[in-house]
Amino acid sequence: MRVLQVHNTYQQPGGEDTVAEREAALLRAAGHTVIEYRRSNQEIAEFNLWQKLALPKRMIWAGDARRDLRRILRQERPDVAHFHNTFLMISPAAYAVCRELGVPVVQSLHNPRLLCPSANFYRNGTVCQDCVAKTPPWPGIVHGCYRQSRVQTALVAGMLTAHRLLRTWHRQVNAFVVFTNFYRQQFIAGGLPAEKIFVKPHFVEPDPGVRPAGQSGRYALFVGRLDPEKGVRTMLRAWRDVTGLPLKIRGDGQLRGEVERAIREHPAGAMELAARLSGSELVRLIKGAAFLVWPSEGYYETFGLVAIEAFACGVPVIASNVGVGAEIVRDGRTGLHFAAGDPKDLAAKVAWALAHPTELLAMGRRARAEFEARYTASKNLKILISIYERCLAEQGHRRDARG
């Protein structure tokens, strides 16, 4: 199969880039051909004044990206076009070129931007879904949710409004890929057609292998952005009540200063901010943990890639009990749930884990079994190809119907 993979990277690297790279490698390893079209929002730094003034139009209709894709489609003749991100250099207008040339379109939904201008369902420290099913999504403009700017939020809202009115996502996309059932329900509630939304979780490849049997770990571990919605403040407050288990933190973000201050205020060795690590070093860090802490608050995360990386290593996860964390981590089976935003409850679950090492090891074994059952590359490939084949069959049916 020939797959055109289309992806727009942000100014800062993120998980979407990792997923796109892993899926391209997965397809190639299975003998499929992957043609890549990449744009980056870093291009904006090189724009002249007139190009910057044209950015609002570009968000809605990027003519150069359409021309690029038309040329690639005619030259490469892919079977399917798989979009990961179109914001903002590519724009949703690109789908129509694929449809014009008879190439079915798959869109992975890495975040809830189609429902929320800020793409995170998070405002003022709490869950916010005020913009869901509203056209235009005016609450986001009022609150300046995107980059804390009413003007920039209005531009994103304008893009969403234009393509909702054009029914771009209904008419031009054959299939949407989400990563959890939780988010499938969110997008259905937001108005996307249920019959077009397919669940395909992320995967870990290469398999890091399970840690040695009986190894329990010497610290708790957090891996992720140091941002408010990640539950970092809740975790820091919880560790005021935790004794006997150091917390290692791997990440960077807007709360780095608060993390460094908390480390200074805690007893020596109680907390540590780990340096940036290579892939193999991160695997060793995960395997050395008693458990992973996943304290995210709200619904904004569409998946928890680091959680299944922990599962692959045989490490259980203590997760907040909302959104995808509650779906991926099974309470009492592959980890524990705590009340989101409640540092006392998180500290209590850590204390339980410390007092029940045998049960914690059993959770780690079940976490590894969960990885083998759901999150391997081979299982992911089967789901991905089945989505492509369904789109191709639908496209063929439409051609037959036109005669």
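In case you missed it, the structure is sitting above this.
Here's what I pulled together on the structure shown here. Only a predicted model underlies this, so the values are computations on that prediction, with no experimental measurement involved. Residue positions are counted from 1 within each chain, in the order its sequence is given. A pLDDT threshold of at least 70 governs which residues receive local features in this predicted model, and a stricter bar of 80 or more applies before side-chain atom pairs are shown or counted, although totals over entire chains, interfaces and linings include all residues. Values shown for side chains rest on all heavy atoms present in the structure; no hydrogens or waters enter the calculation.

Moving on, we get to helix α16 (residues 357-374). Here a helix means four or more residues in a row that DSSP labels H or I, a strand means two or more in a row labelled E, and each is numbered from the N terminus. A helix is expected to span 1.5 Å for every residue after the first. Between the first and last C-alpha of α16 there are 26 Å, a value that for 18 residues agrees with the 26 Å anticipated at 1.5 Å per step. Looking at α16, one finds that the buried residues are Leu360, Ala362, Met363, Gly364, Ala367, Arg368, Glu370 and Phe371. By definition in these notes, contact holds between two residues if any of their heavy atoms fall within 4.5 Å. Where the residues of α16 are buried, they touch β12 (289-294), α13 (305-312), β14 (335-338) and α15 (343-355). Relative accessibility thresholds used throughout: buried, under 20% of the residue-type maximum; exposed, over 50%; partly exposed, between the two (1.4 Å probe, protein chains only).

For the rest of this paragraph, the subject is the layout of surface pockets. Using a 1 Å grid laid over the protein atoms alone, points where a 1.4 Å probe fits but cannot get out form a cavity; open sets with protein on both sides within 12 Å along at least 5 of 7 lines form a pocket; any residue with an atom within 4 Å of a point counts as lining. Grid points are joined across faces, edges and corners, and a volume is the space filled by probe spheres set on the points. Taken as a whole, the second largest pocket encloses approximately 210 Å³ of empty space. Around the second largest pocket sit twelve residues that line it, and Arg77, Pro78, Leu101, Gly102 and Val103 are the ones nearest its centre. Broken down by element, the lining of the second largest pocket gets its largest block of residues, three residues, from helix α17 (residues 377-402). Amino acid classes used here: Ala, Val, Leu, Ile, Met, Phe, Trp, Tyr, Cys and Pro are nonpolar; Asp, Glu, Lys and Arg are charged; the rest, including Gly, are polar. Among the residues making up the lining of the second largest pocket, the classes are represented as six nonpolar, two polar and four charged.

Each salt bridge in this description consists of a side-chain nitrogen of Lys or Arg and a carboxyl oxygen of Asp or Glu lying within 4 Å of one another. Taken as a whole and assessed by the stated rule, the structure comprises 22 salt bridges. Residue arginine 39 pairs with aspartate 64 through a salt bridge whose shortest N-O separation is 3.2 Å. Residue arginine 39 is found in strand β2 (residues 33-40), and its partner aspartate 64 is found in helix α4 (residues 63-76); the two are separated by 25 residues along the sequence. Arginine 39 gets classed as buried once you look at its relative accessible area, which sits at 10%. The exposure class of aspartate 64 is partly exposed, given its relative accessible area of 22%.

Another point: the sheet that holds strand β7 (residues 175-178). Hydrogen bonds between backbone groups are what pair the strands of a sheet, and the pairing can be parallel or antiparallel. Two strands pair if DSSP finds at least two bridges between them. Ordered in space as β2-β1-β3-β4-β7-β8, the six strands form an open sheet in which the pairing is parallel. The open sheet has two free edges, formed respectively by β2 and β8 (197-199), since each of these has just one partner strand. Strand-to-strand twist across the sheet, computed as the mean angle between neighbouring axes with direction ignored, equals 25 degrees. Where strand β3 (residues 80-85) meets strand β4 (residues 105-108), three bridges bridge the pair, whose relative direction is parallel. By the bridge assignment, phenylalanine 83 is partnered in β4 with glutamine 107. Between N-to-C directions, angles cover 0 to 180 degrees, with each direction set by a line fitted to C-alpha atoms, over the stretch in contact for helices. Each of β1 (2-9), β2 and β3 is contacted by helix α1 (residues 15-29), which is oriented at about 165 degrees to β1, the strand it contacts most. Seen against the sheet, helix α9 (residues 181-189) touches β7 and β8 and runs at an angle of roughly 170 degrees to β8.

A separate point is the packing of aromatic side chains. The geometry of two aromatic rings is summed up by the distance between their centres and the angle between their planes. Only Phe, Tyr and Trp rings take part, Trp by its six-membered ring, and two of them pair if their centres are within 6.5 Å. Stacked means planes under 30 degrees apart, edge-to-face means over 60, and tilted covers everything else. Tallying each qualifying case throughout the model produces six aromatic pairs. Taking 5.6 Å as the distance between ring centres and 75 degrees as the angle between the ring planes, the aromatic pair formed by phenylalanine 182 and tyrosine 183 counts as edge-to-face. Taken as a pair, phenylalanine 182 and tyrosine 183 share a single burial class, namely buried. Arranged with centres 6.0 Å apart and planes meeting at 45 degrees, the rings of tyrosine 183 and phenylalanine 187 form a pair that is tilted. Of this pair, tyrosine 183 and phenylalanine 187 both sit in helix α9, four residues apart, which is roughly one turn of that helix.

A few words on empty space enclosed by the protein. Within the structure shown, the criterion is met by four cavities of 30 Å³ or more. Empty space within the largest cavity amounts to approximately 210 Å³. Contributing to the lining of the largest cavity are 20 residues, with Asn85, Thr86, Gln107, Arg113 and Leu114 lying nearest its centre. Listed by contribution, the elements that provide at least two residues to the lining of the largest cavity are β3 and β4. Within the lining of the largest cavity, the residues separate by chemical class into ten nonpolar, eight polar and two charged. Looking at the second largest cavity, its volume works out to about 80 Å³. As for the second largest cavity, its lining consists of 15 residues, of which Cys116, Ser118, Cys128, Cys131 and Cys145 are closest to the centre. Of all elements in the fold, only β5 (122-123) and α6 (138-143) reach the threshold of two or more residues within the lining of the second largest cavity. With three residues, α6 is the largest single contributor of residues to the lining of the second largest cavity. Its residues assigned to classes, the lining of the second largest cavity shows eight nonpolar, five polar and two charged.

Let us now look at the packing of α13 against α16. Running from N to C, α13 and α16 point in directions that differ by 110 degrees, and their axes come no closer than 7 Å. As far as their axial angle goes, α16 and α13 are roughly perpendicular. The two elements α13 and α16 cross, and the hand of that crossing is left-handed. Where α13 approaches α16, its residues Ile308, Phe311 and Ala312 are matched on the opposing element by Ala367, Arg368, Glu370 and Phe371. Residues that form the contact of α13 with α16 fall into these classes: five nonpolar, no polar and two charged. Should an angle fall under 35 degrees it is called roughly parallel, over 145 degrees roughly antiparallel, and 65 to 115 degrees roughly perpendicular, with every other angle called oblique. The handedness criterion is simple: a crossing whose near helix is rotated anticlockwise from the far helix by less than a right angle is left-handed, and one whose near helix is rotated clockwise is right-handed.

Any functional reading would require information that these geometric values do not contain.
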